[in-house]
Amino acid sequence: MNALGFSNEVIGLFNSLPAVALILVGIPFAAIADRIGYRLFLLGGGSVAVLASLVLTLVRSPLLAVLAAGTFALAIIVLQVLGSPLLAQVSGESERVALFSLNQSLSWAAALVGDVLGGVIPEAAGRLTHMSSASAGAIRSAFAAMTILTVLSLPFLARLARFSGMKPAATFPVRELLNIDLARFGRILLPALILGIAAGMYLNFTQLYLAQRFRLTPGPIGVLFAVGAALTAIVTLAAPAVGRRLGITRTIGFAQVLGSPLVLALAFIMALPVAVVIMTIRQLVLNLQGPLGQVFGMEYVDSRERARLATAQIVVSGIGIGGIGPLVSGFLQVHGGYQLAFSVSAVFYLLAGLTFLMLFGKVHLPSERGRSA
């Protein structure tokens with residue numbers, strides 16, 4: 001969107017739109033998925049993602065590009081929503097943490113490839129067309145590669161949808177679709193909202209932060225993100241060991257608290273090498289607790305409520321990451337730069353970790369009891 005001439009404030013506003021749309025359909029969608037199974041939603045999400053990425057590749061209208069980007073984001077969110085309940089459904093307590101960690105590690109390996117392509121392709125297109133690698137035309141070449149990769153993923157989604165484990169976890173009357181443990185959901189979602197706001201104020205602007213503060217182009221930014229993704233893919237595999245040593249809940253809370261001083265340092269650092277090191281450490285620490293947080297949510301609620309919790313977490317995190325966070329961060333950047341925006345983000349990271357520890361510091365999950373038995 002920066003290549004299309006939009007300001008940071010407008011980019012922040014746009015990043016909030018998928019979260020707003022998901023609020024309207026999230027919980028009803030998950031309730032239906034819990035009842036009828038996940039096949040329709042897997043195939044539908046993949047198909048919509050292909051169409052949206054194709055539009056991003058071909059259109060030149062800023063309005064259509066914005067709408068297509070939002071649609072693509074929603075389709076990907078639908079697929080993400082189903083990930084945790086599916087993994088929880090097909091895994092046992094003894095293997096669940098390892099499975100979630102491996103899944104997140106593979107996700108980061110895919111992100112590594114995406115970061116490399118997202119940097120290399122615009123740079124190559126820029127040289128071939130004698131345009132800037134940050135121009136809209138060069139960026140569209142990366143969207144073309146994204147479309148091809150999304151199409152290649154469809155056979156795997158179709159195979160997954162045919163898998164017998166995709167049946168609903170339990171069958172219950174339609175009138176019970178929205179009958180959930182509200183108190184339990186609320187306790188999980190409160191720290192998730194705070195963490196989402198913290199992450200949204202930071203993550204949505206990392207590329208612009210590197211481009212605007214350190215004058216980096218898409219190529220070097222892609223390389224930096226690729227290195228971070230590779231390290232994260234490796235470190236995430238250590239989540240089961242760290243969870244066993246410190247406990248799942250304590251690992252989650254402490255990792256979120258540690259994000260606070262790291263983001264605060266990024267607000268004021270003006271040396272690129274130091275900033276890159278801090279960004280990488282923050283990414284490793286926060287993503288180490290990612291699979292543990294997914295396992296915590298799936299085991300903390302009844303199996304019949306897992307898809308609804310997964311969607312509620314996506315909705316609430318989306319409100320923070322894709323709604324409140326970027327909206328507030330864009331506004332603060334206009335009035336106080338990255339120093340003010342990232343400083344406020346650091347406060348929310350601290351609040352998220354402390355809130356989680358206060359609510360769940362003494363909770364022990366079934367998978368933890370199984371390992372200690």
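Above this note sits the structure.
Residues numbered from 1 in each chain as written. Predicted model: local features only at pLDDT ≥ 70, side-chain atom pairs only at ≥ 80, totals over all residues. Heavy atoms only, no water.

**Student:** Residue-level account of the overall build of the chain, with values.
**Tutor:** Along its length, the chain carries 14 helices and 0 strands. Written out in order from the N terminus, the α and β elements of the chain read α-α-α-α-α-α-α-α-α-α-α-α-α-α. Among the 373 residues that make up the chain, the fraction classed as buried is 49%. Expressed as a percentage of contacts within the chain between residues at least 6 apart in sequence, the contacts between residues at least 24 apart total 85%. About 17,000 Å² of surface is accessible on the chain, with carbon and sulfur atoms providing 71% of the total. (Helix = DSSP H or I, 4+ residues; strand = E, 2+ residues; numbered from the N terminus. Buried < 20%, exposed > 50% of the residue type's maximum accessible area, 1.4 Å probe, protein only. Contact = heavy atoms within 4.5 Å. Areas by Shrake-Rupley, 256 points an atom, 1.4 Å probe, with all protein chains shown as cover.)

**Student:** An account of the nonpolar core is needed here, citing residue identities and associated values.
**Tutor:** Formed by 32 residues in total, the largest nonpolar core has its most connected members in Tyr-202, Tyr-209, Leu-210, Leu-266, Met-279, Phe-342 and Tyr-349. Elements supplying a minimum of two residues to this core: helix H6 (182-203), helix H7 (206-214), helix H8 (218-235), helix H10 (248-268), helix H11 (272-288) and helix H13 (306-360). The contacts of Tyr-202, once residues within four sequence positions are left out, are Val-263, Leu-266, Met-279, Arg-282, Phe-342, Ser-345 and Tyr-349. In terms of nonpolar packing, the next biggest core, distinct from the first, is built from 25 residues, Leu-87, Ala-239, Val-295 and Leu-309 among them. (Core = buried A, V, L, I, M, F, W, Y, C linked by side-chain atoms within 4.5 Å.)

**Student:** So what's going on with the packing of helix H9 (residues 239-246) against H10? Which residues, and what values?
**Tutor:** At a minimum axis separation of 7 Å, H9 and H10 run at an interaxial angle of 105 degrees. Relative to H10, the element H9 lies roughly perpendicular. For the pair H9 and H10, contact is made by Val-242, Gly-243 and Leu-246 and by Ile-248, Arg-250 and Thr-251, respectively. Residues of the contact of H9 with H10, tallied by class, amount to 3 nonpolar, 2 polar and 1 charged. (Axes fitted to C-alpha atoms, helices over the stretch in contact; angles between N-to-C directions. Parallel < 35°, antiparallel > 145°, perpendicular 65-115°, else oblique. Nonpolar A, V, L, I, M, F, W, Y, C, P; charged D, E, K, R; others polar.)

**Student:** Can you lay out the environment of Val-59 for me, pointing to particular residues and giving the numbers?
**Tutor:** With respect to the helices, strands and loops of the structure, Val-59 is situated in the loop between helix H2 (39-58) and helix H3 (62-90). Considering only alpha carbons, one finds Val-59 and Arg-140, 81 residues apart in sequence, at a separation of 9.0 Å. Excluding residues that lie within four positions of it along the chain, Val-59 makes contacts with Leu-64, Ala-65 and Arg-140.

**Student:** Run through the packing of aromatic side chains, naming residues and quoting values.
**Tutor:** One pass over the full model with this rule turns up 10 aromatic pairs. Relative to Phe-342, the ring of Tyr-202 lies with its centre 5.3 Å away and its plane at 65 degrees, an arrangement referred to as edge-to-face. Residue Tyr-202 is located in helix H6, and its partner Phe-342 is located in helix H13; the two are separated by 140 residues in the primary sequence. Both residues of the pair, Tyr-202 and Phe-342, belong to the buried class. Between the aromatic rings of Tyr-300 and Phe-360, the centroid separation amounts to 5.4 Å while the plane-to-plane angle is 80 degrees, which identifies the pairing as edge-to-face. Placement of Tyr-300 in helix H12 (residues 290-300) and of Phe-360 in helix H13 is noted, with a sequence separation of 60 residues between them. Of the two residues, Tyr-300 and Phe-360, both sit in the buried class. Counting every residue linked through ring pairs, the aromatic cluster contains Tyr-202, Tyr-209, Phe-214, Tyr-338 and Phe-342. A cation over a ring is seen here: Arg-184 above Tyr-300, with NZ or CZ 4.2 Å from the ring centre. (Phe/Tyr/Trp six-rings, centres within 6.5 Å; stacked < 30°, edge-to-face > 60°. Lys NZ or Arg CZ within 6 Å of the ring centre and 35° of its normal.)

**Student:** I'd like a description of unusual backbone geometry, backed by residues and values.
**Tutor:** With a phi close to 60 degrees, Arg-215 is a non-glycine residue in the positive phi region. Mapping Arg-215 onto the fold places it in the loop between H7 and H8.

**Student:** So, the side chain of Asn-287: which residues are in play, and what are the values?
**Tutor:** Take Asn-287: it is sitting in helix H11. The exposure class assigned to Asn-287 is buried, which follows from its relative accessible area of 15%. From its side chain, Asn-287 meets the backbone oxygen of Gln-283 in a polar contact 2.7 Å long. In this structure Asn-287 touches Gln-104, Trp-108, Thr-232 and Thr-236, once residues within four positions along its chain are discounted. (Polar contact = N/O pair within 3.5 Å; in protein donor to acceptor, adjacent residues only side chain to side chain.)

**Student:** Talk me through the side chain of Thr-147; I want residue IDs and the actual numbers.
**Tutor:** One can find Thr-147 in helix H5 (residues 136-162). Exposure remark for Thr-147: the relative accessible area of 9% places this residue in the buried category. A distance of 3.1 Å separates polar atoms of two side chains, one belonging to Thr-147 and the other to Thr-57. Ignoring any residue separated from it by four or fewer positions in sequence, one finds Thr-147 in contact with Val-50, Ser-53, Leu-54 and Thr-57.

**Student:** Give me the environment of Phe-143: which residues, what numbers.
**Tutor:** Here Phe-143 lies in helix H5. Along the primary structure Phe-143 and Ser-53 are separated by 90 residues, whereas in three dimensions their C-alpha atoms are 6.5 Å apart. In this structure, Phe-143 is in contact with Ser-53, Leu-56 and Thr-57, ignoring residues within four places of it in sequence.

**Student:** Tell me what's going on with the packing of helix H4 (residues 96-129) against H12, and back it up with residues and numbers.
**Tutor:** Look at H4 against H12: their axes get within 8 Å of each other, and the N-to-C directions meet at 135 degrees. Considering the angle they form, H4 stands oblique to H12. Classified by chirality, the crossing of H12 by H4 is right-handed. Each of Arg-96, Val-97, Phe-100, Ser-101 and Gln-104 in H4 lies in contact with H12, whose residues at this interface are Gly-290, Pro-291, Leu-292, Gln-294, Val-295, Met-298 and Glu-299. (Left-handed = near helix turned anticlockwise from the far one by under 90°.)

**Student:** Just give me the short version of H9, but keep the residues and values in it.
**Tutor:** Every α-helix carries 3.6 residues per turn, so stepping three or four residues along brings you back to the same face. Taken as a whole, H9 has its buried residues at Ala-239, Pro-240 and Gly-243. Taken down its axis, H9 places every buried residue within 100 degrees of arc, on the same side. In H9, those exposed residues whose orientation departs by more than 90 degrees from the buried face are Arg-244 and Arg-245. Turning to H9, the residues buried within the fold contact H4, H8, H10, H11 and H12. (Arc of directions from axis to C-beta.)

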